[in-house]
Amino acid sequence: MSQWDVKTTELIEKYKRYVSDGHAFKYFPMVISRAKGVKIWDTNGKEYIDFLSSAATFNVGHSNQQVINVIAENLDKYLHHCFYIYHEPAIRLAEILVNLMPGNFAKKVAFGLSGSDALDTAIKASLIYTRKRNIASFTYSYHGTTFMDISVSGSFKPELRYNMSAYPNVHFFEFPDTYRRPNNMSEEEYGELCLEKIEKFFETILPGNAFAALVFEPIQGDGGVLVPPLNFVRGLYKLARDYGICFIDDEVQTGLGRTGKMLAVEHFGVEPDLIVLGKALGGGMPISAVVGRKEILDSAPPQTFFMALSPHALSSLAAIATLNFIMTENLLEKTREKGRYMMRRLQELEEKYEIIGDVRGLGLMLGIEIVEDKIKKEPDRKEAVKIIWRAWEKGLLITTYGKYGNVLRIAPPLIIEKEEIDKAIDILDTSIKDVIAGKVADEVFDLMKPWC
Ligand SMILES: Cc1ncc(COP(=O)(O)O)c(C=O)c1O
């Protein structure tokens, strides 16, 4: 097992003493000192290839030069002012977002600082606009950490929702997990089955027109990179239309090129009422946005979406630079191409190893499901965690997530080169081999608190 220095150990001890446990799962005993492009360095100078992108934040790479330049050029003017006074950066960004996002109808933007508060804003707007109180969401979904986000996120344990008296009128429907669908069904039939369950609920338990919003991730990220069948998404959208439910598309993780399209929902050809953007939008600076139907976002009175630091002026400039980079560098097409390459290489691993049950995803949002064996598909979280530990030791940053905590999460910066993909997959290959050979000890669990 790798050794780490005293300073790292001390800092981790201080973290444990002073920082709330409520923040984050914890993976590796490392402290970041620098990040550029696809690489991260720890305080010992060790270099890592980054397959995490700070949870899909650095789509344009760490410390993207265009983002840094625009921040540096504007630092001396003003950092920010709350929206009691107009400022140009956010207004320019709003115009760009309205023109960039799908939907042939009048649109506006409401800003925030993080995906979590933007999701909250979208739900507030839908409740105010429809004057209805029920919300449809999905099992194992993740929408952030505000009170409302936890209330609508199926990935949090029910005890947590109970202990914090979560918003009560949330109904969780089955999100299709095609890898674990009934044996006798095609993906399409399974998509139909999941839809029928929702329709039946609307017909027999609570009518569809009692719902304000349907909150939906076009690919469930934290659920384990679950790509739903096309007919499921289209049917869902039709249901929302038929019953007058606001279709909220959570693109916080999937958006801004991650899947090879500007939005993941474009793979399914539907036009959401509200689109939620965060993470990658600011190229590493805090900013989020809800883009969608003017009448829904305008139904809220002034101050409903107010936050003194939002929309942050410097972050807005960073977001404009980020969107510009995505477009001018042709990042969407490059992501599709690299995603296909990466998928082929991962499928080679899938053929080679009995413990890889499934490889899935779109673009550069990919997941590898680790199981005991391919027939029984029993999730193997322990082996998955050991694999990421070994990969970390060898210089690849990759984490686990998913409803059973057994999916290897692959989300590198979209600027990753083919050679870096090859190097990373070679590391992954040896790491899997080492774990199967029993070379990673159980003690690694004493040092981590991984996703579960
Ligand atoms: C799908 C989805 N929605 C919302 C959020 C919340 O975003 P943030 O953590 O930036 O507040 C996340 C974060 O992981 C996410 O993946």
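What comes next is a walk through the structure.

Reading guide: rules and limits
Residues numbered from 1 in each chain as written. Predicted model: local features only at pLDDT ≥ 70, side-chain atom pairs only at ≥ 80, totals over all residues. Heavy atoms only, no water. Helix = DSSP H or I, 4+ residues; strand = E, 2+ residues; numbered from the N terminus. Expected span 1.5 Å × (residues − 1). Buried < 20%, exposed > 50% of the residue type's maximum accessible area, 1.4 Å probe, protein only. Pairing = 2+ DSSP bridges. Salt bridge = Lys/Arg side-chain N within 4 Å of Asp/Glu carboxyl O. Patch = residues over 30% accessible without salt bridge, like charges linked within 9 Å, V, L, I, M, F, W, Y side chains within 5 Å. Areas by Shrake-Rupley, 256 points an atom, 1.4 Å probe, with all protein chains shown as cover. Contact = heavy atoms within 4.5 Å. Near = heavy atom within 4 Å. Polar contact = N/O pair within 3.5 Å; in protein donor to acceptor, adjacent residues only side chain to side chain. Nonpolar A, V, L, I, M, F, W, Y, C, P; charged D, E, K, R; others polar. Phe/Tyr/Trp six-rings, centres within 6.5 Å; stacked < 30°, edge-to-face > 60°. Lys NZ or Arg CZ within 6 Å of the ring centre and 35° of its normal. Core = buried A, V, L, I, M, F, W, Y, C linked by side-chain atoms within 4.5 Å. Domains from an automatic or database assignment.

A word on helix α11 (residues 313–328). With 16 residues, α11 extends 23 Å between its outermost C-alpha atoms, agreeing within 8% with the 22 Å of an ideal straight helix rising 1.5 Å per residue. Among the 16 residues in α11, 13 count as buried, and that is most of the element. Of the residues trailing α11, N330 is marked for its positive phi of about 55°.

Attention shifts here to the pairing of strand β2 (residues 39–42). Taken together, the four bridges between strand β1 (residues 32–36) and β2 define a ladder with antiparallel strand orientation. Within β2, the position partnered with K36 by the bridge is K39. A loop of two residues connects β1 with β2, the two strands running antiparallel in sequence, and G37 in this loop sits at a positive phi of about 65°. Two strands pair when backbone bridges link them, and β2 and strand β3 (residues 47–50) are joined in this way by three bridges, in the antiparallel orientation. Looking across to β3, one finds that K39 is bridged to I49.

This part takes up the pattern of salt bridges. Taken as a whole, this structure holds 26 salt bridges when the rule is applied. Here R345 makes a salt bridge to E348, at a shortest N to O gap of 3.6 Å. Residue R345 and its partner E348 are located together in helix α12 (residues 331–352), separated by three residues, close to a single helical turn. Put simply, D373 and K376 hold a salt bridge, and the shortest N to O gap is 3.7 Å. Taken together, the salt bridges that share partners define one network made up of R390, E393, K394, D434 and K439.

Once that is clear, we can look at a nonpolar patch on the surface. Taken together, F83, Y86 and I91 make up a surface patch of nonpolar side chains, about 360 Å² in accessible area. Tracing the backbone shows Y86 in the loop between α3 (65–74) and α4 (88–100). Residue classification places Y86 among the exposed positions, given a relative accessible area of 75%.

The next thing to look at is the sheet that holds strand β13 (residues 396–397). A sheet is described by the order of its strands in space; here four strands give the open sequence β1-β2-β3-β13, paired in mixed fashion. Each having just a single partner strand, β1 and β13 make up the two edges of the open sheet.

Moving on to the side chain of H143. Take H143: it is sitting in the loop between β5 (134–138) and α6 (147–152). Not counting residues within four places of it along the chain, the set of residues in contact with H143 comprises S116, L119, S137, D149, V152, S153, V215, F216, E217 and D250.

Attention now goes to the site of the ligand. Within the structure, the ligand sits among S114, G115, S116, Y142, H143, G144, E217, D250, V252, Q253 and K279. Between the ligand and the protein, one listed contact pairs an oxygen atom with a side-chain N or O atom of Q253 at 2.8 Å. Here the ligand has 390 Å² of accessible area as a free molecule, and 85% of this is covered by the chains. Taken together, the residues of the shell around the ligand sort by class into two nonpolar, six polar and three charged.

Moving on, we get to helix α9 (residues 230–243). Its 14 residues place the ends of α9 20 Å apart at the C-alpha level, agreeing with the 20 Å of an ideal helix rising 1.5 Å per residue. Where α9 is concerned, the buried positions are N231, F232, V233, G235, L236, Y237, L239 and A240. Lining the buried residues of α9 we find β5, α8 (187–204), β7 (211–216) and β8 (246–250). Where α9 ends, the next residue or the one after it, G244, has phi of about 70°, a positive value.

What follows covers the packing of aromatic side chains. Per the counting criterion, the structure on display carries 20 aromatic pairs. Arranged with centres 6.0 Å apart and planes meeting at 70°, the rings of F138 and F232 form a pair that is edge-to-face. Here the residue F138 occupies a position in strand β5, and F232 occupies one in helix α9, the gap between them amounting to 94 residues. Here F138 falls in the buried class, since its relative accessible area comes to 2%. An aromatic cluster of three or more residues is present, and its members are F138, F175, F216, F232, Y237 and F247. A cation over a ring is seen here: K46 above W392, with NZ or CZ 5.3 Å from the ring centre.

β8 sits mainly inside the fold: five of its five residues count as buried. Where burial is concerned, the two faces of β8 agree: the one with C246, I248 and D250 and the one with F247 and D249 are both buried. As paired elements, β7 and β8 share four bridges and run parallel to each other. Bridge assignment links L214 to a residue of β8, and that residue is F247. Judged from the three bridges that link them, β8 and strand β9 (residues 274–277) form a sheet pairing that is parallel. By the bridge assignment for β9, D249 is matched with I275.

Attention now moves to the nonpolar core. L97, L346 and L428 are the most contacted members of the largest nonpolar core, which has 100 residues in total. Each of domain 1 (6–60 + 330–447) and domain 2 (68–328) contributes no fewer than three residues to this core. Not counting residues up to four positions away in its chain, the partners in contact with L428 are L346, L349, I368, I387, L396, I398 and L408. Formed by 25 residues, the second largest nonpolar core is a distinct cluster that contains A212, V252, V276 and F305.

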